[in-house]
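# Reading the structure
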Amino acid sequence: MKTLRQAKVGDNVKVVKLHGEGAVKRRIMDMGITKGVEIHIQKVAPLGDPVEVTVRGYELSLRKADADMIEVE
């Protein structure tokens, strides 16, 4: 299992599954990250938090904890 947090800068990945429950999972889905969507990794901050990605045509910053809940291929 590879998570979004493990993806390298410049990678294009596809969401396989969202982990987590309740409000946290709902918030991630509300940001446009759903099963099957393509994500491009733009930047990672020096300490790894946050991760900047492009999803559905807009840029989004995610915390490490949120990126760990997104399984990709």
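This text gives an overview of the structure that appears in the document. (Residues numbered from 1 in each chain as written. Predicted model: local features only at pLDDT ≥ 70, side-chain atom pairs only at ≥ 80, totals over all residues. Heavy atoms only, no water.)

### Side note on the sheet that holds strand 4 (residues 51-55)
Definition in use: Pairing between two strands is assigned when DSSP locates at least 2 bridges connecting them. Per the convention used, a helix needs a DSSP run of H or I reaching at least four residues, while a strand needs a run of E reaching at least two, with both numbered from the N terminus.
Spatially, the six strands line up as an open sheet ordered 1-6-2-3-4-5, and their pairing is antiparallel. Either end of the sheet is taken by a strand with one partner, and the two such strands are strand 1 (2-3) and strand 5 (58-62). As judged from the three bridges shared by strand 2 (residues 12-18) and strand 3 (residues 38-44), these two strands associate in the antiparallel manner. Each residue of the ladder has a partner; that of Lys14, found in strand 3, is Glu38.

### Digging into the pattern of salt bridges
Stated precisely, the cut-off is as follows: The rule for a salt bridge is simple: a side-chain nitrogen of Lys or Arg has to be within 4 Å of a carboxyl oxygen of Asp or Glu. Relative accessible area decides the class of each residue, using a 1.4 Å probe on protein chains only: under 20% of the type maximum gives buried, over 50% gives exposed, and in between gives partly exposed.
Applying the stated criterion to the full structure yields four salt bridges. In this structure, the salt-bridge partner of Arg5 is Asp68, at a minimum N-O distance of 2.9 Å. With Arg5 in the loop between strand 1 and strand 2 and Asp68 in the loop between helix 2 (64-67) and strand 6 (70-72), the pair connects residues that are 63 residues apart, well separated along the chain. You can call Arg5 partly exposed: its relative accessible area is 40%. Ionic pairing is found between Arg63 and Asp66, a salt bridge with its closest N-O pair at 3.6 Å. Several salt bridges converge on common partners, so that one network encompasses Arg27, Arg63 and Asp66.

### Section: the environment of Arg56
Under the convention used in this document: Whether two residues are in contact is decided by their heavy atoms, any of which lying within 4.5 Å being enough. Residues adjacent in sequence count toward polar contacts only when both atoms are side-chain atoms; beyond that, a polar contact is any pair of N or O atoms within 3.5 Å, and within protein one must be able to donate a hydrogen and the other to accept it.
Position of Arg56 among the secondary structure elements: in the loop between strand 4 and strand 5. According to the relative accessible area criterion, Arg56 is exposed, its value standing at 54%. On a C-alpha basis, the gap between Arg56 and Val24 in space is 20 Å, while along the polypeptide they are 32 residues apart. Beyond its immediate sequence surroundings of up to four residues, Arg56 is in contact with Gly32, Thr34 and Val37. A polar contact is formed between the side chain of Arg56 and the backbone oxygen of Gly32, at a distance of 2.7 Å.

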